[in-house]
Each structure stands twice: as structure tokens, then as C-alpha cells.
Amino acid sequence: MEHIIDKTISFVKQTLATAEAGHDWFHIERVYKTAQHINQFEKADELIVALAALLHDIADSKFNHGDEEIGPRTAGEFLEKIGVDLKVVSEVKLIIKNLSFKSSLGEVTYSSRELNVVQDADRLDAIGAIGIARAFTYGGFKNRVMFDPQIPPNLNMSKEEYKNTTAPTINHFYEKLLLLKDLMTTATGKALAEKRHEFMLAYLEQFYAEWEGKK
């Protein structure tokens, strides 16, 4: 197992060497470590959790013209190449395909303990202090405005609307980030999400006060 993990880490580091800063190796490493922490209590398959965490953003659809198959396909091809059991490969591909927030906006037909662990770990990295930093990093990468009082959040987006949104970064808090706390499925994920959620609420309060010149 250790040999497989080492090869996978090297592959991910090389592949994401020039990735956008919110979806780079450091993001992967945080999700990997958080997934391992959560799995101490969930006791899901260690290899599947590790590989899915390491490969979950190997080819993110939003950086690949919206192609939702390229991530699972890239991961699967790599894992088969290094000789990983095909049942493990299949599970990892299913997790990657169903992991993202936008997947929850469509029909969900797959579930597993391993998905729960990796999904909570990934969602935790989208909230709190790092989540805020990642949101503005991506907003800058896409040249989006930080905030526009004339553009309200869309709280009932379809999957396609979510994929194609160009809304200000602050809207993303209401359209995704503040929703994640209640979408956690593991006890550890829920506990960690509470503190990070409260931090985001405090941040938004400060943001609006500064926007109005009150603080």
C-alpha cells in the first residue's frame, strides 16, 4: 500500500505543479490528511480513501471545459498503470465522479463510507479560514468582482447554472460555502465544520462593516 501511495503522491505533485493555487498540491495534501483523520473514526477502506483523496482533483472539470469524466478517467488510467486492483480503481473513480458540490445538485445514485470520508474532508477545505482564502483566490483567477450589492446570490441554482456562474465571490458563500456545514455526513466532519462555519459568519459580518466604512 505504501508503495502505491508514494507513486500516487509523485504523480499528483507533478500533474498539479502549475495548478491554480486553490486546487494545487497543498489543497490535495490538506484533504488527504483530513480524510485520514476522519477515517480514524469511520474505519472505511484505507487504500480507497487515500487514493480518492489524493486523486480527487487530478483533472477538475472547471479547469477542463466542464468535462466531468476527465477526472475519473485520468485517475483510473493512472491507477491501472501502476497495477492497483480493478475493484479499488472502480471505487476511486466513483468517488471522484460524485465528490463535488455540484454533483449534489443533480441526481445522486452512489454512496459509500469512503465517499463520505473524502467528501467531508474536501468540503472542510472549502470552509473556514482556508476556504475563504481559496474562494477569493479562485475569484481572482477568474477575474470576478469580490462583491456587488446589485447582484444577489442565487439560492436555487441548477447544476448547469452552478457550473456556469460568474457571480461575485461573496455570493459563493451563500450559494455553497455556508451550506456545507449541514451537508457533512461523518461525526468528525460535522464537529470540525461547526467552528469553520462560525468563522465564516464572523468574517462576513466584518466584511460588510468594512464595505460600508463602519469598521
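Before any of the text, the structure's been laid out above.
Residues numbered from 1 in each chain as written. Predicted model: local features only at pLDDT ≥ 70, side-chain atom pairs only at ≥ 80, totals over all residues. Heavy atoms only, no water.

Its place among the elements puts threonine 165 in the loop between helix H8 (159-164) and helix H9 (169-175). Here alanine 167 takes part through its backbone nitrogen, which lies 3.2 Å from a polar atom of the side chain of threonine 165. Here threonine 165 is in contact with Arg144 and Met157, once residues within four sequence places are set aside. (Helix = DSSP H or I, 4+ residues; strand = E, 2+ residues; numbered from the N terminus. Polar contact = N/O pair within 3.5 Å; in protein donor to acceptor, adjacent residues only side chain to side chain. Contact = heavy atoms within 4.5 Å.)

So, about the environment of tyrosine 138. Among the secondary structure elements, tyrosine 138 is positioned in helix H7 (residues 128-141). When its relative accessible area of 14% is taken as the criterion, tyrosine 138 is described as buried. Linking tyrosine 138 and phenylalanine 41, residues 97 residues apart in sequence, is a C-alpha distance of 32 Å. (Buried < 20%, exposed > 50% of the residue type's maximum accessible area, 1.4 Å probe, protein only.)

Let us now look at the packing of helix H3 (residues 46-55) against helix H5 (residues 86-98). Taken N-terminus to C-terminus, the directions of H3 and H5 make an angle of 45°; their axes are 9 Å apart at the nearest point. Judged by the angle between their axes, H3 and H5 are oblique. Judged by the twist between their axes, the crossing of H3 over H5 is right-handed. Residues Leu47, Ile48, Leu51, Ala52 and Leu55 of H3 lie in contact with H5, whose contacting residues are Val88, Glu91, Val92, Ile95 and Ile96. (Axes fitted to C-alpha atoms, helices over the stretch in contact; angles between N-to-C directions. Parallel < 35°, antiparallel > 145°, perpendicular 65-115°, else oblique. Left-handed = near helix turned anticlockwise from the far one by under 90°.)

To continue, consider H5. The terminal C-alpha atoms of H5, which comprises 13 residues, lie 18 Å apart, in line with the 18 Å expected from a rise of 1.5 Å per residue. Within H5, burial applies to Val88, Val89, Val92, Ile95, Ile96 and Asn98. Buried residues belonging to H5 abut H3, helix H4 (70-81) and helix H6 (113-124). Its side-chain oxygen placed 2.8 Å from the backbone nitrogen of lysine 87, aspartate 85 serves as the N-cap of H5. (Expected span 1.5 Å × (residues − 1).)

This brings us to the environment of aspartate 125. By the element assignment, aspartate 125 lies in the loop between H6 and H7. Distance from aspartate 125 to aspartate 6, taken between C-alpha atoms, is 22 Å for residues 119 residues apart in sequence. Those residues in contact with aspartate 125 that sit more than four places away from it in its chain are His27, Arg30, Val31, Ile130, Gly131, Arg134 and Arg196.

Our focus in this paragraph is the pattern of salt bridges. One pass over the structure, following the stated rule, counts 5 salt bridges. Residues arginine 30 and aspartate 125 are paired through a salt bridge, measuring 2.7 Å at the closest nitrogen-oxygen approach. Here the residue arginine 30 occupies a position in helix H2 (residues 25-42), and aspartate 125 occupies one in the loop between H6 and H7, the gap between them amounting to 95 residues. Residue aspartate 125 is classed as buried on the basis of its relative accessible area, which comes to 5%. Note that lysine 97 and glutamate 69 form a salt bridge whose closest N and O atoms lie 3.5 Å from each other. Of this pair, lysine 97 sits in helix H5 while glutamate 69 sits in the loop between H3 and H4, placing them 28 residues apart in sequence. (Salt bridge = Lys/Arg side-chain N within 4 Å of Asp/Glu carboxyl O.)

On to the packing of H2 against H3, then. Packed helices, taken two at a time, are described by their axes: the angle between them and the distance between them. The interhelical angle for the contact between H2 and H3, taken along N-to-C directions, is 155°, at an axis separation of 8 Å. Viewed along their axes, H2 and H3 adopt a mutual orientation that is roughly antiparallel. In the crossing of H2 with H3, the sense of the turn from one axis to the other is right-handed. Here Trp25, Ile28, Val31, Tyr32, Ala35 and Asn39 of H2 lie close against H3, whose contacting residues are Glu46, Val49, Ala50, Ala53 and Leu54.

Scanning all chains against the criterion turns up 11 aromatic pairs. Each ring, one from phenylalanine 173 and one from tyrosine 203, has its centre 6.1 Å from the other, and the planes form 10°; the classification is stacked. Separated by 30 residues along the polypeptide, phenylalanine 173 in helix H9 and tyrosine 203 in helix H10 (residues 187-211) bring together distant segments of the chain. Measuring from ring centre to ring centre gives 5.8 Å for phenylalanine 207 and tryptophan 211, while their planes differ by 20°; the resulting arrangement is stacked. Here phenylalanine 207 and its partner tryptophan 211 are both found in helix H10, 4 residues apart, which amounts to about one turn of the helix. Through a chain of ring-to-ring contacts, three or more aromatic side chains come together here, namely Phe136, Phe147, Phe173, Tyr203, Phe207, Tyr208 and Trp211. (Phe/Tyr/Trp six-rings, centres within 6.5 Å; stacked < 30°, edge-to-face > 60°.)

What follows is about the nonpolar core. Ranked by size, the top nonpolar core spans 59 residues in total, and within it Leu51 and Phe173 carry the most contacts. In terms of residue count, the dominant contributor to this core is H3 (9 residues). (Core = buried A, V, L, I, M, F, W, Y, C linked by side-chain atoms within 4.5 Å.)

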